[in-house]
Amino acid sequence: MQPDPATLAMAWHAAQDLADGEVAFVGIGAPGLAAMIARRLHAPGITMIFESGVIGADPDKPPLSTGSPSVARGAAMLGSMMDVFAALQKGIIDVGLLSGAEVDRFGNLNSTVIGHYDRPTVRLPGSGGAHDIAVLARRTVLLMPHEPKRFVQRVSYVTSPGHPGVGPRRPGPGRGAGPAALATPRALFRFDDGEMTLAAVAPGFTADQAVEGIPWVVRRRQTLASLPPLPALDGPAFHFMHKGGAE
Amino acid sequence: MSLEQAIRGLVPSGSLVFVGGFGQCVPFAAGREIVRQGVTGLTLCRTGADILFDLLVAAGAAKEIVVGWFGNPGIGISHICRRALAEDRLRLRETSNFGLLLRLEAAAMGLPFLPTHVLAEGDLVPDGGRRSVVCPFTGLELTAVPALVPDVALVHAHRADPLGNVQSSGILGDTLAGARAARRIVVTVEKIVDPAEIRADPGSTILPAHLVSAVAEVPFGAWPSYVDGVYDRDDDYYRAFDRLSRDPAWVDNWVQDTRTGVAEVVAPARKAALVQAAHEPPHAA
C-alpha cells in the first residue's frame, strides 16, 4: 500500500527534525516513513528502532506492521521487546516519532477513544507503545494529517502526554522533554513554551492555510521559515516506494 | 503429540492465556483448535493483539482481553472487538505496551510487581492497575504495575524435539516474556526434529523442555502470520480481513468454517508463493 502525496509531505517535514547519528524509536505509517526518508538523504547514520525489538532497521519498503518481515530483513539486530523499551526508559533514545487520532495545542495525543470512555463515539486501537515513547523518549516529533477534526482544544483522552499546559515539559529521570515538533503536510510547528506554534510553512501554502480549520488561534513565530520542497518522487529519497513484494 | 491432545486439558475454559507471536509466529493453529474444542470464558493477554484475538472473541472463546493495543497490525481497529465491546460481550483492560510487558516480566521473575517511569501521567490504567511507589534508596517516585501470571502461554516456533526443546529465530517481541511468565507453555512448531539436531545448535533454543507442557507439529501453523525464513506474512489476508470482518454475517461464517477446518485450508499456489517470498535474499544496505 503506497502512501499518498500528503502523507509523504508530512513525513518529509518530520524528517527535517531528524539528525544524522540519532537513535529514533519509530512506528508504522508516516512516523516510520519520516525516518526512512531521513536515512536516505541527510541522516544515513540514523538508527531506527521498532517496538517489536528490531534495532538498526532498514526496511526496503514501507512496512505493514512493526513485526513484519520487511522490518526484520536487513536490520542490524533482532532483540526482544524488553531490549528496546528498557533502552527507551534508560533515556538513550534521542527521538520518538508519534501520531494519533487527535492532538491538542500542548501536544497531548489521543489514540484510545473519541467521546466517553465507557460508551465511546469511536473506539480506537489504544496506546501500543505510544504512551511509553511520549513519556520516555528524549524528545518526540508528532505527525498529523491536515484534518481539522484531529486538532482539538483538549483531547478527550490523554493516551500519550505532551506538555503540561503551563510551560514546557520538564525532563528528568525517566522523563523526556516531550514534543519538539509537529509536522503536517502543510507546515512544521514547534512547541515554544510548551504550546504548538507555527514555525515553518511548506512551499505552496500560506501561513493562514497552514492553520486553516484548527479550532483555536494558533500562535505563530514572528519569522516563519520555509520548508524545503518535497524531493522528486522518482529520486533516491523515495526509491523504497517502488519496490514490490511482501511488506 | 497431536494438536488436539496438546490443547485439550491444558487450555481449560476460564483460563488466562498469553498469546505469543509478534507479527511473526502468531499461534493461529492453536487458536483454531481452541475454537474447535468449544473452550469458553478465556481472558487473552499480550502487548499488541493480532487478529487471532478477533477469532477467539468472535467464536465466544474469549470474554476479556488484557492488552496494550488491539486491532489488525498496521491497518487499524478490530471491528470484531469494537462490536463486542459495544455489545458488552467483551471486557477490555488496557495499558501501554511497555506497561503490559513489565507485568509479564514481573511474573517471569517471580515478583509481585515492577516499578516504572511510565503510566504516572495521562489517562491510561485508572483503577487499581497501577500504584505509586517510592524508591527506598533514592526517594524517587515511580509507578508500580502488578505481575500478570498467565495460566498458559501459546507459542508457535520453527522447530522442537519431542521432549519440548524449542528453537526459533526472527522477531520474537514479547513472546519469551509471556512464556516465562506463564504457569505452563503449549507449543506448536513447523517441524519436530531429532534431539541431536537441537543439541547441535543450542544457541537457537528459546525454551527448554522442562518449561514446556506440550508440543505439536503443525506445518503452516502460524498462517496468516509468518515464520521467518519458512513462509512470508500473508499481507493480502490481513488487508481483506479488515474489509470482511466489518460484516457480522461474514464473521459468523468464518467462525463456522474454523470449526469445520475449512478456514485454514490455504490454496497450494498461495502457499508456494508465501514460501518463495520468505526466501527472498536481503537487500544491500
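Everything numeric here is computed off the predicted structure, so don't read it as measured data.

**Things to note about the pairing of strand S14 (residues 195-201) of chain A**
Residues and elements named next belong to chain A.
At step 1: For S14, the buried fraction is high: seven of the seven residues fall into the buried class.
At step 2: For strand S13 (residues 187-192) and S14, the ladder comprises six bridges, and the chain directions are antiparallel. Residue pairing for S14: Phe189 is matched across the bridge by Leu198.
At step 3: With antiparallel pairing between neighbouring strands as the criterion, S13 and S14 make up a hairpin whose turn holds two residues, including Asp193 at a positive phi of roughly 55°.

**Notes on helix H2 (residues 30-40) of chain A**
At step 1: Judged by how many residues are buried, H2 of chain A sits mostly within the fold: nine of 11 residues are covered.
At step 2: Buried residues in H2 of chain A make contact with helix H1 (5-15), strand S1 (23-26), strand S2 (47-50), strand S5 (95-98) and strand S10 (139-143) of chain A.

**Describing the environment of Ala278 of chain B**
All names here are of chain B.
At step 1: Along the chain, the position of Ala278 falls in helix H10 (residues 268-278).
At step 2: Sequence spacing of Ala278 and Ser213 is 65 residues, and the spatial spacing of their C-alpha atoms is 30 Å.
At step 3: With near-sequence residues (within four places) excluded, Ala278 lies in contact with Gly229, Val230, Tyr231 and Asp232.

**Some thoughts on the sheet that holds strand S6 (residues 102-104) of chain A**
In sheet architecture, strand pairing relies on hydrogen bonds along the backbone and comes in two forms, parallel and antiparallel.
Residue and element names in this part refer to chain A.
At step 1: If you trace the three strands from one edge of the open sheet to the other, you get S7-S6-S11, paired in mixed fashion. The sheet terminates laterally at strand S7 (109-110) and strand S11 (151-152), the two strands that pair on one side only.
At step 2: Here two bridges tie S6 to S7, and the two strands are oriented antiparallel to one another. If you follow Glu102 over to S7, its bridge partner there is Asn110.

**Some words on the packing of aromatic side chains**
Residues and elements named next belong to chain B.
At step 1: Within this structure, the stated rule accounts for nine aromatic pairs over all chains.
At step 2: Relative to Phe241, the ring of Tyr237 lies with its centre 6.5 Å away and its plane at 15°, an arrangement referred to as stacked. Of this pair, Tyr237 and Phe241 are both found in helix H8 (residues 235-244), four residues apart, which corresponds to roughly one turn of the helix.
At step 3: Taking relative accessible area as the criterion, Phe241 reaches 3% and is therefore assigned buried.
At step 4: Ring pairing ties together the aromatic residues Trp223, Tyr237, Phe241, Trp250 and Trp254, which thus form one cluster.
At step 5: Its guanidinium or amino end placed over the ring of Tyr238, Arg233 lies 3.7 Å from that ring's centre, counting from NZ or CZ.

**Examining the sheet that holds strand S7 (residues 141-146) of chain B**
All names here are of chain B.
At step 1: If you walk across this open sheet you meet the three strands as S5-S7-S6, and the pairing is antiparallel. The strands lining the two open edges of the sheet, one partner per strand, are strand S5 (113-116) and strand S6 (131-134). Between one strand axis and the next, the sheet turns by 45° as a mean value, whatever way the strands run.
At step 2: Of the strand pairs in this sheet, S5 and S7 are connected by four bridges, and their pairing is antiparallel. The partner of Phe113 across the bridge, within S7, is Pro146.
At step 3: Packed onto the sheet, helix H5 (residues 97-108) meets S5 and S7 and runs at close to 140° relative to S5.

**Points about the interface of chain A and chain B**
At step 1: Listed by partner, the interface residues are 49 residues for chain A and 50 residues for chain B.
At step 2: Summed over both sides, the interface of chain A with chain B buries roughly 4000 Å², with 58% coming from carbon and sulfur.
At step 3: Area buried by chain A at its contact with chain B is led by Met81, Arg123 and Pro125 of chain A, which between them contribute 16% of it.
At step 4: Summed over the shared surface of chain A and chain B, the number is 20 residue pairs in polar contact (both at pLDDT 80 or more).
At step 5: Among the secondary structure elements, those contributing two or more residues to the side of chain A that touches chain B are helix H3 (69-72), helix H4 (81-90), strand S9 (120-123) and helix H5 (130-136) of chain A.
At step 6: Of the residues contributing to the side of chain A that touches chain B, the split by class is 21 nonpolar, 17 polar and 11 charged.

**Quick notes on empty space enclosed by the protein**
Residue and element names in this part refer to chain B.
At step 1: Summed over the entire model, instances satisfying the criterion amount to two cavities of 30 Å³ or more.
At step 2: Approximately 60 Å³ is the volume attributed to the largest cavity.
At step 3: Every residue along the wall of the largest cavity is listed here: Phe28, Arg32, Ile51, Leu55, Pro224, Tyr237, Trp254, Thr258 and Ala263.
At step 4: Those elements that provide at least two residues to the lining of the largest cavity are helix H2 (28-36) and helix H9 (248-260).
At step 5: Broken down by class, the residue content of the lining of the largest cavity amounts to seven nonpolar, one polar and one charged.
At step 6: One number sums up the size of the second largest cavity: a volume of about 30 Å³.
At step 7: Taken together, Gly21, Cys25, His156, Ser168, Leu172, Thr175 and Ile206 make up the lining of the second largest cavity.

**Observations regarding the pairing of strand S10 (residues 184-192) of chain B**
Residues and elements named next belong to chain B.
At step 1: Strand direction decides the pairing type here: strand S8 (residues 152-160) and S10, joined by eight bridges, are parallel. Considered in S10, the bridge of Val152 is made with Arg184.
At step 2: Where S10 meets strand S12 (residues 212-217), five bridges bridge the pair, whose relative direction is parallel. Within S12, the residue paired with Val186 across the bridge is Ala214.

Basis of the calculations
Residues numbered from 1 in each chain as written. Chains lettered and ligands numbered in written order. Predicted model: local features only at pLDDT ≥ 70, side-chain atom pairs only at ≥ 80, totals over all residues. Heavy atoms only, no water. Buried < 20%, exposed > 50% of the residue type's maximum accessible area, 1.4 Å probe, protein only. Helix = DSSP H or I, 4+ residues; strand = E, 2+ residues; numbered from the N terminus. Pairing = 2+ DSSP bridges. Contact = heavy atoms within 4.5 Å. Phe/Tyr/Trp six-rings, centres within 6.5 Å; stacked < 30°, edge-to-face > 60°. Lys NZ or Arg CZ within 6 Å of the ring centre and 35° of its normal. Axes fitted to C-alpha atoms, helices over the stretch in contact; angles between N-to-C directions. Buried area = accessible area lost by both parts, 1.4 Å probe. Polar contact = N/O pair within 3.5 Å; in protein donor to acceptor, adjacent residues only side chain to side chain. Nonpolar A, V, L, I, M, F, W, Y, C, P; charged D, E, K, R; others polar. 1 Å grid on protein atoms, 1.4 Å probe; cavity = no way out; pocket = protein on both sides within 12 Å on 5 of 7 lines; lining within 4 Å. Points joined across faces, edges and corners; volume = space filled by probe spheres on them.

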